[in-house]
Amino acid sequence: MIEKKDIDLEKAVLIGVVTQNQDEEKSKEYLDELEFLTFTAGGEVIKRFTQKMAIPNPKTFIGTGKMEDVRQFVEANNVGTVIFDDELSPAQERNISKILNCKILDRTNLILDIFAQRAQTSYARTQVELAQCEYLLPRLKGMWTHLERQKGGIGMRGPGETEIETDRRIVRDKIALLKAKIKTIDKQQAVQRGNRGKMVRVALVGYTNVGKSTLMNVISKSEVFAENKLFATLDTTVRKVVIGNLPFLMSDTVGFIRKLPTQLVESFKSTLDEVREADLLLHVVDISHNNFEEHIDSVNQILDEIDSKDKPTIMVFNKIDAYEAEPFDDDNLVDERTKANYTIEEWKKTWMSRMDGNALFISALNKENMDEFRKRVYQEVREIHITRFPYNHFLYPDVEDIE
Ligand SMILES: Nc1nc2c(ncn2[C@@H]2O[C@H](COP(=O)(O)OP(=O)(O)OP(=O)(O)O)[C@@H](O)[C@H]2O)c(=O)[nH]1
Ligand SMILES: [Mg+2]
């Protein structure tokens with residue numbers, strides 16, 4: 001069974017660059033993530049190519065010599081796909097496909113593809129399709145610019161011209177259709193949200209694969225799909241949760257990622273309404289990941305894009321069971337201790353002071369510190385609840401008295 005699976009995986013090669021603002025280590029980390037994305041999409045990375053350069057080559061992303069190495073490798077090893085760790089311009093894509101005889105993908109493409117594969121509901125599928133069309137439209141234009149320049153003049157309207165117009169019209173019509181479809185579903189969902197009354201709403205947000213769905217399952221005893229791949233969740237799930245008699249709504253939603261394609265943020269705007277309309281955000285972080293602080297920045301950036309940066313937020317550092325500090329030798333008088341050497345306690349101190357106490361450290365998998373989690377969330381939700389319904393705050397005791 002496993003063997004068969006291995007054969008099915010498509011052979012892929014990754015290409016990244018080392019630049020002034022992206023040193024070797026960063027480049028490696030980004031390629032690690034790209035490899036995980038590739039694996040999620042159903043591919044197997046058999047080689048990585050990186051090149052040091054001031055800026056990526058505007059024509060072919062990497063230099064001509066390096067590209068020749070890639071071409072030879074692709075040919076000799078029967079590689080199906082070459083994946084670039086950035087968004088390629090339409091011109092770059094065109095030039096590269098003239099050189100390499102295989103599928104060319106960029107980061108955006110790959111993420112869109114994963115979303116397309118994983119979209120379960122018609123709502124998610126419609127949103128992904130919209131993002132794909134939005135991605136395609138300017139590229140369609142790019143593909144034909146050489147013809148556009150010949151515009152005007154009697155007899156210059158060749159078949160190419162008509163073709164672009166037809167292609168563009170088809171894609172534009174499709175976009176209009178998809179938008180209309182999303183609007184209809186949005187209306188239904190707005191009604192549903194209205195029916196939920198004024199219950200306090202808490203949203204789980206965070207980088208992809210940090211454990212949002214796992215935490216949702218623990219806290220609401222529900223069965224949301226969780227797995228060790230990227231973008232396991234695309235649709236928002238909302239559950240009623242009760243802590244110490246106090247009912248509130250908790251939503252689990254799509255995870256974020258560095259350089260999440262803008263088309264996706266755009267078309268998933270309605271899915272993200274749940275976040276935008278939340279009273280409280282639980283920003284879940286995978287503290288066992290080397291890059292977790294950068295992940296936090298990426299998430300904050302996207303929260304900013306959807307106008308949700310200034311909401312009350314509790315940072316939830318998950319996977320403390322898997323956290324490993326790099327060992328530091330106390331007798332070492334040469335090197336400074338760095339963040340990589342921090343113990344969980346040190347991280348706690350750092351973030352507690354940075355978040356003014358709004359930080360929790362848990363393991364959703366092992367259910368560690370879940371009592372503290374429940375109490376802290378209860379406290380916060382109660383606060384919001386009694387501001388909203390001042391007359392019935394006596395129903396909900398102080399956190400010390402809850403079970
Ligand atoms: N070691 C450890 N693993 C965890 C913990 N919580 C979740 N995981 C694992 O992390 C992986 C991702 O979990 P999910 O709950 O699917 O993560 P998510 O944030 O919902 O991911 P997306 O929906 O893809 O954005 C799964 O393999 C979980 O079993 C934890 O506390 N410790
Ligand atoms: Mg999930």
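Rules used in this analysis
- Residues numbered from 1 in each chain as written.
- Chains lettered and ligands numbered in written order.
- Predicted model: local features only at pLDDT ≥ 70, side-chain atom pairs only at ≥ 80, totals over all residues.
- Helix = DSSP H or I, 4+ residues; strand = E, 2+ residues; numbered from the N terminus.
- Buried ≥ 20, exposed ≤ 12 C-beta atoms within 10 Å, placed from the backbone.
- Core = buried A, V, L, I, M, F, W, Y, C linked by C-beta atoms within 7 Å.
- Contact = placed C-beta atoms within 7 Å.
- Domains from an automatic or database assignment.
- UniProt positions renumbered as here; feature names shortened; annotations may be inferred.
- Pairing = 2+ DSSP bridges.
- Axes fitted to C-alpha atoms, helices over the stretch in contact; angles between N-to-C directions.
- Near = placed C-beta within 6 Å.
- pLDDT = per-residue confidence, 0-100.
- Right-handed = clockwise from strand over helix to strand, strands pointing away.
- Expected span 1.5 Å × (residues − 1).

Colleague: Sorry if this is basic, but what is going on with the overall build of the protein chain here?
Modeller: On a plain count of helices and strands, the protein chain comes out with 14 helices and 10 strands. Put simply, the protein chain has 403 residues, and 34% of those count as buried.

Colleague: Would you mind going over unusual backbone geometry with me for this structure?
Modeller: Residues apart from glycine generally show negative phi values, whereas peptide bonds are mostly found in trans. Even without a glycine there, the phi angle at Asn209 is positive, about 75 degrees. Locating Asn209 in the fold gives a position in the loop between strand S5 (201-206) and helix H9 (212-220).

Colleague: Whenever I open this one, the nonpolar core confuses me. Can you help?
Modeller: Side chains of a nonpolar character, in soluble globular proteins, are inclined to be buried together. In this structure, Ile15, Val82, Ile83, Val202, Val316 and Phe317 are the most contacted members of the largest nonpolar core, which totals 85 residues. Examining the composition of this core, we find that six residues originate from one element, helix H6 (residues 122-143), more than from any other. Non-local contacts of Ile15, meaning those with residues more than four positions away in its chain, are made with Phe49, Phe61, Ile62, Val70, Val82, Ile83, Phe84 and Asp85.

Colleague: I'm lost on the domain arrangement of the protein chain in this one. Help?
Modeller: Think of interface size as the accessible area that goes away when the parts come together; that is how it is often given. What the domain assignment reports for the protein chain is domain 1 (10-114), domain 2 (119-181) and domain 3 (198-401). Using only C-alpha atoms to locate each centre, domain 1 and domain 3 end up separated by 33 Å. In this complex, domain 1 contributes nine residues to the contact, which on the side of domain 3 involves nine residues. Residue contributions to the side of domain 1 that touches domain 3 peak at five residues, all from helix H5 (residues 107-118).

Colleague: Would you explain the UniProt feature "binding site: Mg(2+)" (unreviewed entry) in the protein chain in this entry?
Modeller: In the numbering used here, UniProt assigns the "binding site: Mg(2+)" (unreviewed entry) feature to Ser213 and Thr233. Look at the named residues: they lie 21 residues apart in sequence, but the longest C-alpha span between them is just 7.7 Å, so in the fold they bunch up. One can find Ser213 in helix H9. Of the residues examined, Ser213 has 24 C-beta atoms within 10 Å and is grouped as buried. One can find Thr233 in the loop between H9 and strand S6 (237-243). Assessed through the 23 C-beta atoms surrounding it within 10 Å, Thr233 is described here as buried. When near neighbours in sequence (up to four residues on either side) are disregarded, Thr233 contacts Ser213, Phe225, Asp252, Thr253, Val254 and Gly255.

Colleague: What is the right way to read the sheet that holds strand S1 (residues 10-18) from this model?
Modeller: Consider a sheet: its strands pair through backbone hydrogen bonds, and that pairing is either parallel or antiparallel. Spatially, S2-S1-S3-S4 is the arrangement adopted by the four strands of the open sheet, whose pairing is parallel. A strand with exactly one partner marks an edge of an open sheet, and here the two such strands are strand S2 (43-52) and strand S4 (103-106). Across this sheet, the average inter-strand angle for adjacent strands is 25 degrees, counted without regard to direction. Relative to S2, S1 runs parallel, the two sharing nine bridges. Residue pairing across strands places Lys11 opposite Glu44, the latter belonging to S2. Packed on one face of the sheet, H5 meets strand S3 (81-84) and S4 and runs near 90 degrees to S4.

Colleague: For this particular structure, what's the right way to read the site of ligand 1?
Modeller: Close contacts around ligand 1 come from 23 residues, with Gly211, Ala226, Asn228, Thr233 and Gly255 the closest. A total of three residues in the shell around ligand 1 trace back to one element, the largest contributor, which is H9.

Colleague: Hey, could you run me through the confidence of the model for the protein chain in this one?
Modeller: As a note on interpretation, predicted positions should not be read in detail where pLDDT is low. Chain-level pLDDT for the protein chain is 86 on average; 89% of the residues reach the 70-or-more range. pLDDT under 50 marks residues 1-6. Its contacts with residues more than four places away, or in other chains, come to zero contacts. Per-residue pLDDT stays below 50 along residues 144-153; that stretch engages in seven contacts with residues further than four places along the chain or on separate chains.

Colleague: Would you mind showing me how to read the environment of Ser97 here?
Modeller: Topologically, Ser97 is positioned in helix H4 (residues 90-99). Looking at Ser97, the number of C-beta atoms within 10 Å reads 14, which means it is partly exposed. Spatially, the C-alpha atom of Ser97 lies 17 Å from that of Asn77, the residues being 20 residues apart in sequence.

Colleague: Even after reading the chapter, I still don't get the sheet that holds S6, so can you show me in this structure?
Modeller: Spatially, S6-S7-S5-S8-S9-S10 is the arrangement adopted by the six strands of the open sheet, whose pairing is mixed. Strands at the two margins of the open sheet, each flanked by one partner only, are S6 and strand S10 (359-361). Strand-to-strand twist across the sheet, computed as the mean angle between neighbouring axes with direction ignored, equals 25 degrees. Helix H12 (residues 292-305) contacts S5 and strand S8 (280-286) of the sheet and is inclined by roughly 150 degrees relative to S8. Sheet strands in contact with helix H13 (residues 344-354) are strand S9 (313-318) and S10, and its direction is about 165 degrees off that of S10.

Colleague: I'm lost on the environment of Thr38 in this one. Help?
Modeller: By the secondary structure assignment, Thr38 is in helix H2 (residues 24-41). Separated by 142 residues in sequence, Thr38 and Ala180 have C-alpha atoms that sit 32 Å apart.

Colleague: Mind showing me how you'd approach the pairing of S3 here?
Modeller: Consecutive side chains of a regular strand alternate in pointing toward one face of the sheet and then the other. Neither face of S3 is open: one carries Thr81 and Ile83, the other Val82 and Phe84, and all of them are buried. Of the pairings in the sheet, the one linking S1 to S3 comprises four bridges and is parallel in character. Considered in S3, the bridge of Ala12 is made with Thr81. Two strands pair when backbone bridges link them, and S3 and S4 are joined in this way by four bridges, in the parallel orientation. Across the sheet, Thr81 pairs through a bridge with Lys103, a residue of S4. After leaving S3, the chain enters H4 and then returns to the sheet as S4, a path that is right-handed.

Colleague: Please clarify how H2 should be interpreted in this entry.
Modeller: For an α-helix the count is 3.6 residues per turn, leaving residues at separations of three or four pointing the same way. Over its 18 residues, H2 runs 25 Å from end to end, which matches the ideal 26 Å to within 8%, given 1.5 Å per residue. For H2, the full list of buried residues reads Tyr30, Leu31, Glu33, Leu34, Leu37, Thr38, Thr40 and Ala41. Those residues of H2 hidden inside the fold are in contact with S1, S2, S3 and H5. Within two residues after H2, Gly42 carries a phi angle of roughly 100 degrees, on the positive side.

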